[in-house]
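Breakdown of the fold
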Amino acid sequence: MFPCSSQSRAFMTTSPDTAPTPTAFDSHHPPSKQIIETCVHCGFCLPVCPTYVLWNEEMDSPRGRIYLMKLASEGAATMNPQWVSHFDSCLGCMACMTACPSGVDYGKLIEATRAQIERHHPRSLGERLHRHFLFAVFTRPERLRLLRWPLLAYQKSGLQSLARGTGLLKLFPKRLQSMESLMPKLTQHEHVPEITPAQGTQRRRLGLLLGCVQREFFPRVNAATARVLSAEGCEVVAPQDQPCCGALMVHAGEEEGALALARKTIDTFERASVDAIVTNAAGCGSNVKEYGHLLRDDPDYADRAKAFAAKCKDISEVLTELPPRATRNPLKIRVAFHDSCHLQHAQGVRSQPRELLANIPGIELTEIPESAICCGSAGIYNLVQPDAANALGDRKAQLITPLHAEVVATGNPGCLLQLQSSLARQGHSIPVVHTIQLVDASIRGKPL
């Protein structure tokens, strides 16, 4: 299907003792042949793969993409635009890993393949500029902070209502339309101090990963996280100089930038001397838990990265491990819970957030059908593949609507943005919140 050509020879690897092996990949961590061979092409991944569900195309399924990796590794396929498009369309949601009976580590395969693509595939100027903007802004909290002011002016002045109401936005490029539709309603910034003392006898000293988008666009989530941990007897350390963890870059194949951010993150939290590092953004959490793999070649960081990763836990994991100390006040509300892909599939955390919500008196918890299938957020996916992302978002919104939920809860800022936008397109104003905000509201005895 993808015949070998002279293009594939441009990426050959050589060994001094053997003849060159034709391959489309360079020698720096190509997709593991051992993992590729683990796939038996059984098809269990097909019903949970978002792009296969949308298009019913074999090469846009996990086993199809693995087959393309195999062809490229054997020199039978080149890294041409058609080949690359199948990997660009992948959300990296890891639902296939949960469904796979053979234990194929697709996450490592797709990240290795994307790194190869970014090193060798020439993207168009427009695409390069768009991706550069996303990584230059969304991985820099200080730049997102500056962006708050023009966005606030856009929302408060009535320009946003005018642009949306008149259809003016339709004159702009689709990717810009997508960015505008995902814009959160900005509220007063809640600052999380460097140290939040424990209430009562201190049980643990925990570091808090503040994130980038979470820190600037959803500051109430971080504030709620610190309050809940404090109420449960934990001292919370939130280093103000912590950088982006590199998740967006890792998931998009920007390996070098991700490595630099990972090293800085490890340095920052080593100085904090904490028992564990708490994450409340699923995409960030799945990334920092893989630091040992990411920095495996770095002699100065390999062991430190493994130790760091072992300390990282999602907020729902931390709270379900601690016997509750703070009283939960009733919240009489019907909640639809949405599983973030990087929480349920990449981290294997599924029961813990449900347990947190079930322990709040008065909450009626309801499940969203097709919980294994992504909402279409997936890091920067909804900004670089807006059509597919919107189709998946609309599908998810249509499944939420019949549940008559008063609020939707989830564990990732990307999902918050995607679900808010998708529900709005369906004409619904159901609030979408982070799970920890419901726990915080219950402990404080205040409404959301």
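Residues numbered from 1 in each chain as written. Predicted model: local features only at pLDDT ≥ 70, side-chain atom pairs only at ≥ 80, totals over all residues. Heavy atoms only, no water.

**With respect to the environment of E57**
The condition is simple: The way it works is that DSSP assigns letters per residue, a run of H or I at least four long becomes a helix, a run of E at least two long becomes a strand, and they are numbered from the N terminus.
Mapped onto the elements, E57 comes out in the loop between α3 (50-55) and α4 (62-73). Residues E57 and L331, 274 residues apart in the sequence, show an inter-C-alpha distance of 45 Å.

**Examining the environment of V278**
Note the cut-off: Residue burial is assigned from relative accessible area. The probe radius is 1.4 Å, only protein chains are included, and a residue is buried under 20% of its type maximum, exposed over 50%, and partly exposed in between. Residues count as neighbours in contact if any of their non-hydrogen atoms are within 4.5 Å of one another.
For V278, the position within the fold is in strand β6 (residues 276-279). Owing to a relative accessible area of 0%, V278 belongs among the buried residues under this scheme. On a C-alpha basis, the gap between V278 and L209 in space is 6.1 Å, while along the polypeptide they are 69 residues apart. The contact partners of V278, leaving out residues within four places of it in the chain, are L206, G207, L208, L209, L229, K313, I315 and V318.

**Here's the deal with the sheet that holds strand β3 (residues 195-196)**
Worth spelling out the cut-off: Should DSSP find at least two bridges between two strands, the strands are regarded as paired. Orientation is described by axes fitted as lines to C-alpha atoms, over the contacting stretch for helices, and by angles from 0 to 180 degrees between their N-to-C directions.
As summarised here, the arrangement of the five strands in space is β3-β5-β4-β6-β7, forming an open sheet in which the pairing is mixed. Because the sheet does not close on itself, it has two edges, and the strands there are β3 and β7 (312-314). For β3 and strand β5 (residues 234-237), the ladder comprises two bridges, and the chain directions are antiparallel. Paired with T196 across the two strands is V236, which belongs to β5. Along the sheet face, helix α13 (residues 219-231) touches β3, β4 (204-208), β5 and β6 and points at about 150 degrees away from the line of β5.

**Section: the sheet that holds strand β9 (residues 363-367)**
The four strands lie next to each other as β9-β8-β10-β11, forming an open sheet whose pairing is parallel. Here the strands that pair on one side only, and so sit at the sheet edges, are β9 and β11 (432-434). Strand-to-strand twist across the sheet, computed as the mean angle between neighbouring axes with direction ignored, equals 35 degrees. Summarising the sheet, strand β8 (residues 333-337) and strand β10 (residues 407-410) pair through three bridges and their orientation is parallel. Each residue of the ladder has a partner; that of V335, found in β10, is V407.

**So, the packing of α4 against helix α7 (residues 106-120)**
Cut-off, in case you're wondering: When describing relative orientation, an angle under 35 degrees is termed roughly parallel and one over 145 degrees roughly antiparallel, while 65 to 115 degrees is termed roughly perpendicular and anything else oblique. Two helices cross in a left-handed way if the nearer one is turned anticlockwise from the farther one by less than a right angle. They cross in a right-handed way if the turn is clockwise. Each residue is assigned to one class: nonpolar for Ala, Val, Leu, Ile, Met, Phe, Trp, Tyr, Cys and Pro, charged for Asp, Glu, Lys and Arg, and polar for all the others, Gly among them.
Two numbers describe how α4 lies on α7: the axes approach to 11 Å, and their chain directions differ by 50 degrees. On the basis of their axis angle, the class for α4 and α7 is oblique. Judged by the twist between their axes, the crossing of α4 over α7 is left-handed. Residues P62, R65, I66 and M69 of α4 touch α7, and the partners they reach there are Y106, L109, I110 and T113. Its residues assigned to classes, the contact of α4 with α7 comprises six nonpolar, one polar and one charged.

**Considerations on the packing of aromatic side chains**
The test is simple: Think of it this way: a Phe, Tyr or Trp ring, Trp meaning its six-membered ring, pairs with another when their centres are within 6.5 Å, and the plane angle makes it stacked under 30 degrees, edge-to-face over 60, tilted otherwise.
All chains considered together, the criterion is met by four aromatic pairs. Where F25 meets W83, the ring centres are 6.1 Å apart and the plane angle is 55 degrees; that geometry is what we call tilted. One end of the pair, F25, is in the loop between β2 (18-21) and α2 (33-38); the other, W83, is in helix α5 (residues 81-88), and 58 residues separate them in sequence. W83 shares its class with F25; the two are buried.

**Quick word on the state of the cysteines**
Disulfide: a covalent bond connecting the sulfur atoms of a pair of cysteines. In plain terms, the rule: In this description, the term disulfide denotes a pair of cysteine sulfurs within 2.5 Å.
Across all of its chains, the model carries zero disulfides by this definition. Just so you know, C212 is unpaired, no disulfide at all, and the nearest cysteine sulfur is the one on C244, 3.7 Å from it. Exposure remark for C212: the relative accessible area of 8% places this residue in the buried category. Looking at the unpaired C374, the closest cysteine sulfur is the one in C341, lying at 3.8 Å.

**Here's the deal with a nonpolar patch on the surface**
This is how the line gets drawn: Surface patches are drawn from residues lacking salt bridges whose relative accessible area is over 30%; two like charges belong together within 9 Å, two nonpolar side chains (Val, Leu, Ile, Met, Phe, Trp, Tyr) within 5 Å. Here the accessible surface of atoms and residues is derived via Shrake-Rupley with a 1.4 Å probe, and residues count as covered only by protein chains that are part of the display. Put simply, a salt bridge is a Lys or Arg side-chain nitrogen that is within 4 Å of an Asp or Glu carboxyl oxygen.
Residues L168, L171, F172 and L176 make up a contiguous nonpolar surface patch of roughly 400 Å² in combined accessible area. Classification of L176 by relative accessible area gives partly exposed; the value is 41%.

**With respect to helix α25 (residues 435-444)**
Two residues of an α-helix separated by three or four positions point the same way, owing to the 3.6 residues in each turn. Most of α25 is tucked away: nine of the 10 residues are buried. Residues of α25 that are buried: T435, I436, Q437, L438, V439, D440, A441, S442 and I443. The elements touched by buried residues of α25 are α13, α19 (315-321), β8, α21 (351-358), β10 and β11. Just past α25, the residue G445 takes up positive phi, approximately 70 degrees.

**Considerations on the pattern of salt bridges**
A complete count under the given rule lists 34 salt bridges for this structure. Residue R123 pairs with D88 through a salt bridge whose shortest N-O separation is 3.0 Å. With a gap of 35 residues between them, R123 in the loop between α7 and α8 (125-138) and D88 in helix α5 connect regions that are remote in the sequence. Grouping residues by exposure puts R123 and D88 together as buried. A salt bridge links R205 to E235, with the nearest nitrogen and oxygen atoms 2.9 Å apart. Here E235 lies in strand β5 and R205 lies in strand β4, a separation of 30 residues in the sequence. Accessibility expressed as a relative area gives 23% for R205, which makes it partly exposed. Of the residues examined, E235 reaches a relative accessible area of 16% and is grouped as buried. Linked by salt bridges that have partners in common, D88, E118, R123, E127 and R131 make up one network.

By themselves, these are just geometric observations and shouldn't be taken as functional.
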